[in-house]
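So the chains spell out like this:
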Amino acid sequence: MRRKIVIPTVFLIAVVAIGGGLALTHTGPFERPAPPPAATPPVPIVAGVVAQHDVPIYLTGVGTVIAYNTVVVRSQIQGQIVSINFTEGQTVKTGGLLAQIDPRPYQAQIDQLTATRDRDQAQLVNAQANLARYTTLGNQGWATPQLLDTQKAQVAQLENAIKADEALIEAAKVQLSYTQLTSPIDGVVGIRQVDIGNIIHPTDPNGLVVVTQIEPISLIFTLPETVLPQIQQQQQKTNAPLTVLAYSQDNTIKLDEGTLGLVNNEILQTTGSIQLKANFPNKAHTLWPGELVNARLLLDTRHDGLTVPASVVQQGPKGPYAYVVNPDGSVAIRPLKVAQVSDGQALIDSGLNANEQVVVDGQYKLQPGTRVTILTGQAAEEAKAQSAQQAPIP
């Protein structure tokens, strides 16, 4: 009886021991071992290379185009407009006829004064003849000295009367010349202010038309006062006018290239800026008076400068940085010092080396040490386009 009880007890202990071993290993008799975790796939990016070349250094400001000369063509006499000899918006030359005032009243005045002069000249001829006769008689004792003096005075009076007549005729001719309204400068005419048949007056506030000289033309723009010492140093260094480029407001069209003509003699205290004036030849008439444009003052040229696409530069809590692609296919963060960003290119003062690979697009997926795969061809172009669409509007 005891032997039958001992055998089941031993069997039960063995089963419990096997179960405990299985519980400790967490592996059932029919379970497979857990596979190792899968490797993280590389992140696709668009990469570029740090370029090295000569880079112009610009100071950028906003300016307004102003005409070299602007003239309101006014009449200096009163009269009726009988002809308009220009088309609105037409380019005119100095001395070109713009309008004609009725000249007949002024021509009649000249004719009247001319007749008066001719009469005085006839009287002078007669007085000179009498003086000659009286002089002969006086030498013979038949004419008194008083008579000779009177005749001499009459001759002098008529000579001066003729001089006065000539002066009046010249003044009348000047008035007659004012009947032709001409352009005092080369330029472009604006909107006509007076129509044919109207009476024009010297006191008319708008005159006949405004003529604006646009070739050459000027641009007044502003820069922060902090850059004034750099401009002065560069002027002393080069001893030549600095180059100024004019661009459209969206910086897509280069309008013209000119030279710096003036740095104003005072700083605007209200804005802390300095005014500068540049002159442009404007042969193509791309600059127009009153136009708002972007001005770029070429301060210097950085030789062998390092540039990357502007999208490479990222902004972090500690300043600008970029992701650099390591030779093993991973990325690392590099702090940067950026000199300027112009035309989609960033000029790097420090942080990168020539010919290094940098991440142009796809930075939002990266962390230091992330392994990447570089997209090329059509895939890279699509990634750039998608990045541009997702970028916030500035």
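Residues numbered from 1 in each chain as written. Predicted model: local features only at pLDDT ≥ 70, side-chain atom pairs only at ≥ 80, totals over all residues. Heavy atoms only, no water.

**Observations concerning the overall build of the protein**
So, step 1. The helix and strand tally for the protein stands at five helices and 20 strands.
So, step 2. Every one of the 394 residues in the protein was classed for burial, and the buried ones make up 32%.
So, step 3. The long-range fraction of contacts in the protein, counting pairs at least 24 apart against all pairs at least 6 apart in sequence, stands at 75%.
So, step 4. In the structure as shown, the protein presents an accessible area of about 24,400 Å², 55% of it carried by carbon and sulfur atoms. (Helix = DSSP H or I, 4+ residues; strand = E, 2+ residues; numbered from the N terminus. Buried < 20%, exposed > 50% of the residue type's maximum accessible area, 1.4 Å probe, protein only. Contact = heavy atoms within 4.5 Å. Areas by Shrake-Rupley, 256 points an atom, 1.4 Å probe, with all protein chains shown as cover.)

**Quick notes on the sheet that holds strand β6 (residues 180-182)**
So, step 1. One open sheet accounts for four strands, arranged β6-β5-β3-β8; its pairing is antiparallel. Edge positions in the sheet fall to β6 and β8 (199-200), since each has one partner strand and no second.
So, step 2. When strand β5 (residues 97-101) meets β6, the two strands line up antiparallel, connected through three bridges. Note that in β6 the partner of A99 across the bridge is L181. (Pairing = 2+ DSSP bridges.)

**Some details on the confidence of the model for the protein**
So, step 1. Mean pLDDT over the protein: 86, with 86% of residues reaching 70 or higher.
So, step 2. Within the protein, β5 carries the highest mean pLDDT (96), whereas helix α1 (residues 2-25) carries the lowest (46).
So, step 3. Low confidence marks residues 1-30, where pLDDT is under 50. Its contacts with residues over four positions away, or in another chain, come to three contacts.
So, step 4. Under a pLDDT of 50 for its full length, residues 387-394 has, in the predicted model, one contact with residues more than four places off or in other chains. (pLDDT = per-residue confidence, 0-100.)

**Things to note about the side chain of T179**
So, step 1. In this fold, T179 is placed in the loop between α3 (145-177) and β6.
So, step 2. Judged by its relative accessible area of 2%, T179 falls in the buried class.
So, step 3. Among the polar contacts listed, one links the side chain of T179 to the backbone oxygen of L176, at a separation of 2.5 Å.
So, step 4. Residues in contact with T179, not counting those within four places in the same chain, are I77, A99, Q100, I101, D102, P103 and Y106. (Polar contact = N/O pair within 3.5 Å; in protein donor to acceptor, adjacent residues only side chain to side chain.)

**Some words on the pattern of salt bridges**
So, step 1. Per the stated rule, a full pass over the model turns up nine salt bridges.
So, step 2. Between E215 and K283 there is a salt bridge, with its nearest N and O atoms 3.5 Å apart. You can see E215 sitting in strand β9 (residues 209-224) and its partner K283 sitting in the loop between β12 (273-280) and β13 (292-309), a full 68 residues away along the chain.
So, step 3. Overall, the relative accessible area of 35% leaves E215 in the partly exposed class.
So, step 4. Classification of K283 as exposed rests on a relative accessible area of 63%.
So, step 5. Among the ionic pairs, K254 bridges to E257, the shortest N-O distance being 3.2 Å.
So, step 6. The exposure class of E257 is partly exposed, given its relative accessible area of 40%.
So, step 7. When salt bridges that share partners are traced, they join R117, D118 and E166 into one network. (Salt bridge = Lys/Arg side-chain N within 4 Å of Asp/Glu carboxyl O.)

**Here we look at the side chain of Q213**
So, step 1. Residue placement: Q213 occurs in strand β9.
So, step 2. A distance of 2.6 Å separates a polar atom in the side chain of Q213 from a polar atom in the side chain of N69.
So, step 3. Those residues in contact with Q213, other than ones at most four positions away along the chain, are A67, Y68, N69, I185, D186 and G187.

**A look at unusual backbone geometry**
So, step 1. E215 connects to P216 through a cis peptide bond whose omega is 5°.
So, step 2. Of note, P216 is situated in strand β9.
So, step 3. Although it is not a glycine, N251 adopts a positive phi angle of roughly 60°.
So, step 4. For N251, a relative accessible area of 34% puts it in the partly exposed group.
So, step 5. Unlike most non-glycine residues, N282 shows phi in positive territory, near 55°.

**Details of the pairing of β12**
So, step 1. Bridging between β9 and β12 involves eight bridges; their strand directions are antiparallel. Looking at β12, one finds that T222 is bridged to Q275.
So, step 2. By the bridge criterion, six bridges tie strand β11 (residues 254-268) to β12 in an arrangement that is antiparallel. Bridge pairing in β12 places L262 opposite K277.
So, step 3. Connecting β11 to the antiparallel partner β12 that follows it, the hairpin turn spans four residues, and G272 within it adopts a positive phi of roughly 65°.

**Digging into the environment of T212**
So, step 1. Counting through the fold element by element, T212 comes out in strand β9.
So, step 2. What T212 contacts, discounting residues up to four positions off in sequence, is A67, N69, T70, G187, V188 and P289.

**A few points about the nonpolar core**
So, step 1. Counting 24 residues, the largest nonpolar core has F221, L223, I231 and L297 as the members making the most contacts within it.
So, step 2. Ranked by residues supplied to this core, first place goes to β9 with five residues.
So, step 3. Setting aside chain neighbours within four positions, we find F221 in contact with V62, G63, V244, L260, I274, Q275, L276, A278 and A295.
So, step 4. In terms of nonpolar packing, the next biggest core, distinct from the first, is built from 23 residues, I84, F86, I169 and I200 among them. (Core = buried A, V, L, I, M, F, W, Y, C linked by side-chain atoms within 4.5 Å.)

**A closer look at the environment of I57**
So, step 1. When you line up the elements, I57 lands in strand β2 (residues 51-73).
So, step 2. Accessibility expressed as a relative area gives 18% for I57, which makes it buried.
So, step 3. Linking I57 and D300, residues 243 residues apart in sequence, is a C-alpha distance of 5.1 Å.
So, step 4. When neighbours within four sequence positions are excluded, I57 is seen to be in contact with L297, L298, L299, D300, T301, R302, Q340 and L347.

**What about helix α4 (residues 228-238)?**
So, step 1. Of the residues making up α4, those classed as buried are L228, I231 and Q234. With its buried residues spanning 130° around the axis, α4 presents them on a single face. Away from its buried face, by an angle of more than 90 degrees, α4 presents the exposed residues Q233, Q236 and K237.
So, step 2. For α4, the elements touching its buried residues are β2, β9, β11, β12 and β13.
So, step 3. Positive backbone phi, at 55°, marks N239, one or two positions downstream of α4. (Arc of directions from axis to C-beta.)

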